[in-house]
Amino acid sequence: MSKSMNIAAKKIADEMFENANSYKLIATTLSNGTRLIDCGINANGSIKGGELFTKVCLGGISDVGISIPGDLSDIMAMPAVKVKTDFPALSTLGSQKAGWKIDVDGYYAIGSGPAQTHKFPDNKIYEMCDYKEDSDIAIITLEADKLPDEKVADYIAEECNVKAENLTILVAPTSSLVGSIQISGRTLETGVFKMMEIMDFDVTKITYAAGITPITPVDPDSKKAMGKTNDAIIFGGRAYYYIQPDEGESLEELAATLPSSASDKYGQSFIELFEQADCDFYKMPKDVFAPAQIIVNDMVTGEIFHTGFIDLERLKKSFEVKEIINKK
């Protein structure tokens, strides 16, 4: 792919910056020239803002939408994030993956977005997808509880080898509407990551992909919000992968192993697993981080494999749903 993800994402970021008020965002320019878009720290954020934030995370090369599907449950249909992409491996593992842990003088954030193409040029997914970043700009999204200052921006720009004035930073905490939306938009990413990192599958064989996941109810408690947003994927995420396997290569075992319910750790909430890992996200079992329900289409044989299931009861427990149903 020859299109620069940073350039593609910048077009979306430009729209957010220039029309910040319309999206209930706060756009400012730091003294070093870096553009900063507050999507949930002091800003309220919005549904459309969350949609655009998610598109930036995906490198600007995937489609994102919000809808209310009626088939999550006849009892409890919820707004959901829909992601469709013709570049599943590159968009998810080359941009959306939260692969940059930022820690500058006590400021901590998890970075996603196409700026990672500058920071991690040797990421094997770029070679696998025949992708090379050719731009002098960087667009990054941060999951953080406070806004970065010029020192943080200078660090990011330096690591990306771009000028500070060519850097755009989008920030949203987990405990915000935009944060809830962008994490629910990671369902496809979890499946692609599991295929590549755990199952050693060549993810460039995934030709197209689509996913849909309920948007987590906003919780002001950051830890609880982190648990609920991940549970939304594990218990409520659905993913569709169109795969072009090698001749004679069966996808049945891949499909059977892919959903979250295939993990031995399935059934426990994210918070329970997080606490068992001494509150270190990177020590948690990786195989449980996957969509709840999977459909795999073998584009060579025409076979379709349907695995996993939507676990509504566990999802409702995680979301702390209080049922008030007046039947007459």
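Above: the structure in question.
Here the structure is a predicted model, which is why all the values come from computation and not from measurement.

## Notes on the overall build of the protein
Of regular secondary structure, the protein possesses 12 helices and 12 strands. Compactness check: the protein gives a C-alpha radius of gyration of 19 Å against a globular reference of 20 Å for 328 residues, within 12% of the reference. With the C-alpha coordinates aligned to their principal axes, the bounding extent of the protein is approximately 55 × 55 × 40 Å. Split into buried and exposed, the 328 residues of the protein put 55% on the buried side. Pairs at least 24 residues apart make up 73% of the contacts formed inside the protein by residues separated by at least 6 positions. Carbon and sulfur atoms make up 47% of the accessible area of the protein, which amounts to about 14,700 Å² in all. Distance from the positive charge centre (33 side chains) to the negative charge centre (49 side chains) of the protein: 6 Å.

## Looking at the environment of Thr92
Note on placement: Thr92 falls in helix H3 (residues 88-96). Separated by 33 residues in the primary sequence, Thr92 and Gly59 place their C-alpha atoms 8.3 Å from one another. Beyond its immediate sequence surroundings of up to four residues, Thr92 is in contact with Leu58, Lys97, Leu188, Glu189 and Val192.

## Quick look at the sheet that holds strand E8 (residues 167-172)
Read across the open sheet, the 6 strands follow the order E1-E2-E8-E7-E6-E5; overall the sheet is mixed. Looking along the sheet, the strands with just one partner apiece sit at the ends: strand E1 (26-29) and strand E5 (100-104). Averaged over all neighbouring strand pairs, the angle between strand axes comes to 25°, with direction disregarded. Pairing analysis gives 4 bridges linking E1 to strand E2 (residues 35-38), with the strands arranged antiparallel. Looking at E2, one finds that Ile26 is bridged to Asp38. Strands strand E6 (107-112), strand E7 (138-143) and E8 of the sheet are contacted by helix H2 (residues 47-57), whose axis makes an angle of about 120° with E7.

## Re helix H9 (residues 222-236)
Across its 15 residues, H9 extends 20 Å between first and last C-alpha, which sits within 8% of the 21 Å expected from 1.5 Å per residue. Taken across its 15 residues, H9 has 11 buried, putting it largely inside the fold. Within H9, burial applies to Ala225, Gly227, Lys228, Thr229, Asn230, Asp231, Ala232, Ile233, Ile234, Phe235 and Gly236. For H9, the elements touching its buried residues are helix H7 (177-184), helix H8 (187-198), strand E9 (206-214), strand E10 (238-243), helix H11 (270-276) and helix H12 (312-318).

## Some points on the packing of aromatic side chains
For any pair of aromatic rings, the description consists of the separation of the ring centres together with the inter-plane angle of the planes. Tallied over the entire structure, the rule returns 8 aromatic pairs. Taking the centre distance of 5.8 Å and the plane angle of 45° together, the rings of Tyr126 and Tyr131 count as tilted. A single burial state applies to Tyr126 and to Tyr131, both of which are buried. Ring plane angle 75° and centroid distance 5.9 Å describe the contact between Tyr266 and Phe309, whose orientation is recorded as edge-to-face. With Tyr266 in the loop between helix H10 (252-257) and H11 and Phe309 in the loop between strand E12 (304-308) and H12, the pair connects residues that are 43 residues apart, well separated along the chain. When its relative accessible area of 41% is taken as the criterion, Phe309 is described as partly exposed. Above the ring of Phe17, the side-chain terminus of Arg35 is found at 4.9 Å from the ring centroid.

## Considerations on the pattern of salt bridges
The final tally for this structure, using the stated rule, is 15 salt bridges. For Arg35, the salt bridge goes to Asp14, with nearest N and O atoms at 2.7 Å. Taken together, the residues Arg35 in strand E2 and Asp14 in helix H1 (residues 5-18) connect sequence positions 21 residues apart. Taken as a pair, Arg35 and Asp14 share a single burial class, namely buried. The closest approach of N and O atoms between Lys151 and Asp105, which form a salt bridge, is 2.4 Å. Of this pair, Lys151 sits in helix H6 (residues 150-160) while Asp105 sits in the loop between E5 and E6; the two residues are 46 residues apart in sequence, bridging distant segments of the chain. Each member of the pair Lys151 and Asp105 is classed as exposed.

## Some points on the pairing of strand E4 (residues 80-85)
Summarising the sheet, strand E3 (residues 63-67) and E4 pair through 5 bridges and their orientation is antiparallel. Across the sheet, residue Asp63 finds its bridge partner in E4, namely Lys84. The pairing of E4 with E9 spans 6 bridges and is classified as antiparallel. Looking at the pairing, Lys82 lines up with Ile212 of E9.

## Quick look at the side chain of Asn297
Turning to its location among the elements, Asn297 is positioned in strand E11 (residues 293-298). A polar contact is formed between the side chain of Asn297 and the backbone oxygen of Glu303, at a distance of 3.4 Å. Dropping the residues within four chain positions of it, Asn297 is found in contact with Tyr241, Tyr242, Ile243, Gly302, Glu303 and Ile304.

Criteria and thresholds
Residues numbered from 1 in each chain as written. Predicted model: local features only at pLDDT ≥ 70, side-chain atom pairs only at ≥ 80, totals over all residues. Heavy atoms only, no water. Helix = DSSP H or I, 4+ residues; strand = E, 2+ residues; numbered from the N terminus. Rg over C-alpha atoms; globule rule 2.2 N^0.38 Å. Buried < 20%, exposed > 50% of the residue type's maximum accessible area, 1.4 Å probe, protein only. Contact = heavy atoms within 4.5 Å. Areas by Shrake-Rupley, 256 points an atom, 1.4 Å probe, with all protein chains shown as cover. Lys, Arg positive; Asp, Glu negative; His and termini not counted. Charge placed at Lys NZ, Arg CZ, Asp CG, Glu CD. Pairing = 2+ DSSP bridges. Axes fitted to C-alpha atoms, helices over the stretch in contact; angles between N-to-C directions. Expected span 1.5 Å × (residues − 1). Phe/Tyr/Trp six-rings, centres within 6.5 Å; stacked < 30°, edge-to-face > 60°. Lys NZ or Arg CZ within 6 Å of the ring centre and 35° of its normal. Salt bridge = Lys/Arg side-chain N within 4 Å of Asp/Glu carboxyl O. Polar contact = N/O pair within 3.5 Å; in protein donor to acceptor, adjacent residues only side chain to side chain.

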